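A closer look at the structure
Residues per chain are reported as follows:
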Amino acid sequence: MPDAMRPGSVIADYDRDSIHTLPLTVLPVSNAALSKARLIKNHRLETRVELFRETGIGSGQIAIDEIPDFFSGDPAGLQDDMALLRRIGQLPAFDPYTLRIGLRQAGVDVLSLEALRLSPAKRAELLPLMRNITRPLIVHLYGDGTVDPDDLEAIIHMIAYPNTPKVRARIQSMAAGLKVGIDALPDMLEDYGDTCLALSYYRSYFQYALPVLDRILEWMREVRDNSFLRSDPNARQAFQQVEDVITHVSASVIRRFDGFDRHTVVNWEMVTVGTFGGVRELISAHQRSLAQVLCGLTVKIYEWEQRFPNGGGSPDKRAEFIASDLRPGLDALWGVERRAPRFENGGEAAA
């Protein structure tokens, strides 16, 4: 399999942590000029090659099939590049977790893809969202307050090097329950932590999106109810349809994260291989649909924030934005969310 990491390539933290952008320098793209571009999901939920993005100018985007019109070079090489981008472009999002799966399926060696790891700053930002997992582990092993629950590396280190016989005995009991040697336990817990970090990653995007979506809905209502649009039945219907979809999608994602909070609680005194496997399978079952829905909401939000940074805008401009930029693709997102796994009352996740 080709190695996707280009020697000397530097990936900005923004791209490394983004849910909707992919710098092509991390892919085995043969055309040097093309490798400087990005693959993005735009606010219409289309996959595009982004040639440039500048403040005050905007984003220069082309379809993958338009690449030969903008880039010269070996025709056969360009066709190979386009075939790769078409496969990657079908992914629902471009976050590191979705890309690891998609690039592996596309035949790209992800084992050396350091670019598909979150930046240290992003990891530090997400760790507090894992306290429902890390704090009970600390309490079980050490008692409260011994280790910072937001410092996963310190937790793993103290498990690798227990400082009292009592802690060592608890770690031996945990390793026995997980059917691994004590030496392998830190790596197993680190791998489990990375799985849970993926859930925290998606949760962080939703936590950002939720209040902004509320502002967008209020921004819509301002002109729907207090301008000439209130006497336009077509406009009112369009506004209501957009509001309904955003409200339904948001409520459904909230229920999903509430379900995760219930079903990812680990009783560390009775932990087994099945415990870890169950949580991993649960997160994996939701990963693709969460990525697609949150990517779609995110690019809609970013476009609104760029076009209306202070809110405002005439009724005509707001109606135009809603019709041409906000509404396209929302029904498809709601379809993805409706088909996503769900949590039964008090039971396991169900398809």
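For the structure, see preceding data.
Here the structure is a predicted model, which is why all the values come from computation and not from measurement.

Some remarks on the packing of helix α10 (residues 233-263) against helix α13 (residues 330-339)
The N-to-C vectors of α10 and α13 enclose an angle of 30 degrees; their axes lie 10 Å apart at closest approach. The angle between α10 and α13 places the two elements in the roughly parallel class. Relative to α13, α10 is oriented so that their crossing is left-handed. Residues V242, V245, I246, H248, V249, S252, V253 and R256 of α10 form the contact with α13, whose participating residues are L330, D331, W334 and E337. Class assignment of the residues belonging to the contact of α10 with α13 gives a composition of seven nonpolar, two polar and three charged.

A few points about the packing of aromatic side chains
Overall, the coordinates contain 15 aromatic pairs when judged by the stated rule. When the ring of W268 is compared with that of F276, the centres are 6.0 Å apart and the planes differ by 85 degrees; the resulting orientation is edge-to-face. Taking relative accessible area as the criterion, W268 reaches 5% and is therefore assigned buried. Taken together, the ring pairs in this structure connect Y97, Y201, Y202 and Y205 into an aromatic cluster.

Section: the sheet that holds strand β1 (residues 21-23)
Sheet architecture is open: four strands sit in the order β1-β2-β3-β4, paired in antiparallel fashion. With one partner strand each, in any of the chains shown, β1 and β4 (58-62) form the two edges of the open sheet. This sheet shows a mean twist of 35 degrees between the axes of neighbouring strands, independent of strand direction. Here five bridges tie strand β3 (residues 47-54) to β4, and the two strands are oriented antiparallel to one another. If you follow E50 over to β4, its bridge partner there is Q61.

Scoring rules and cut-offs
- Residues numbered from 1 in each chain as written.
- Predicted model: local features only at pLDDT ≥ 70, side-chain atom pairs only at ≥ 80, totals over all residues.
- Heavy atoms only, no water.
- Axes fitted to C-alpha atoms, helices over the stretch in contact; angles between N-to-C directions.
- Helix = DSSP H or I, 4+ residues; strand = E, 2+ residues; numbered from the N terminus.
- Parallel < 35°, antiparallel > 145°, perpendicular 65-115°, else oblique.
- Left-handed = near helix turned anticlockwise from the far one by under 90°.
- Contact = heavy atoms within 4.5 Å.
- Nonpolar A, V, L, I, M, F, W, Y, C, P; charged D, E, K, R; others polar.
- Phe/Tyr/Trp six-rings, centres within 6.5 Å; stacked < 30°, edge-to-face > 60°.
- Buried < 20%, exposed > 50% of the residue type's maximum accessible area, 1.4 Å probe, protein only.
- Pairing = 2+ DSSP bridges.

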